[in-house]
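Inside the fold
Residue strings, one per chain:
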Amino acid sequence: MLATIDTTETNNTASNTDAKVAAEKAKAEEEAKAAAEKAKAEEEAKAAAEKAKAEEEAKVSNLAYDPFGPDRNCTDFSTGAEAQEFYIAAGGPSSDPHDLDRDNDGNACDWNP
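Let us look at the structure shown here. Keep in mind it's a predicted model, so treat the numbers as computed, not measured.

**Examining the overall build of the protein**
Across its full length, the protein holds 2 helices and 0 strands. A burial count over the protein gives 16% of its 113 residues as buried. Put simply, 31% of the contacts in the protein that link residues at least 6 apart link residues at least 24 apart. Total accessible area on the protein stands at roughly 8,500 Å², and carbon and sulfur atoms take up 53% of it.

**Focus: the state of the cysteines**
In this structure the tally under the stated criterion is 1 disulfide. Each disulfide pairs two cysteine sulfurs, and for Cys74 the partner residue is Cys109, the sulfurs being separated by 2.1 Å. Between Cys74 and Cys109 the disulfide shows an S-S torsion of about -95 degrees. By sign, it is left-handed. Placement of Cys74 in the loop between α1 (2-60) and α2 (80-89) and of Cys109 in the segment after α2 is noted, with a sequence separation of 35 residues between them. For Cys109, a relative accessible area of 22% puts it in the partly exposed group.

**A few points about unusual backbone geometry**
Residue Pro93 follows Gly92 across a cis peptide bond; omega there is 0 degrees. Tracing the sequence through the fold places Pro93 in the segment after α2. Positive phi, close to 55 degrees, is recorded for Cys109, a residue that is not glycine.

How each quantity is defined
Residues numbered from 1 in each chain as written. Predicted model: local features only at pLDDT ≥ 70, side-chain atom pairs only at ≥ 80, totals over all residues. Heavy atoms only, no water. Helix = DSSP H or I, 4+ residues; strand = E, 2+ residues; numbered from the N terminus. Buried < 20%, exposed > 50% of the residue type's maximum accessible area, 1.4 Å probe, protein only. Contact = heavy atoms within 4.5 Å. Areas by Shrake-Rupley, 256 points an atom, 1.4 Å probe, with all protein chains shown as cover. Disulfide = S-S within 2.5 Å.

What follows is the structure, encoded as structure tokens:
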């Protein structure tokens, strides 16, 4: 009967160890998920702040068109300088949602200052 008790205690210890390992793994996974969600939220907040800043800057300027509005083409602008100002307000040269800088030289509509 003594041997049976020892085996039961060993099984209980192994089960407790397995349960602790599983709980630690679950906790680590939960912490990693929370960290990833926090990083994503921070990234989204940063992007929203940058967009708000760009939109505010666009409001301050005298642009003929909203850089975040409908798509614009080079023919929409009367001067290269006007196209360039719009291009910069829309995020150029790092972002060119209106495809005004097709040759990727940092200047909208083949404008050369």
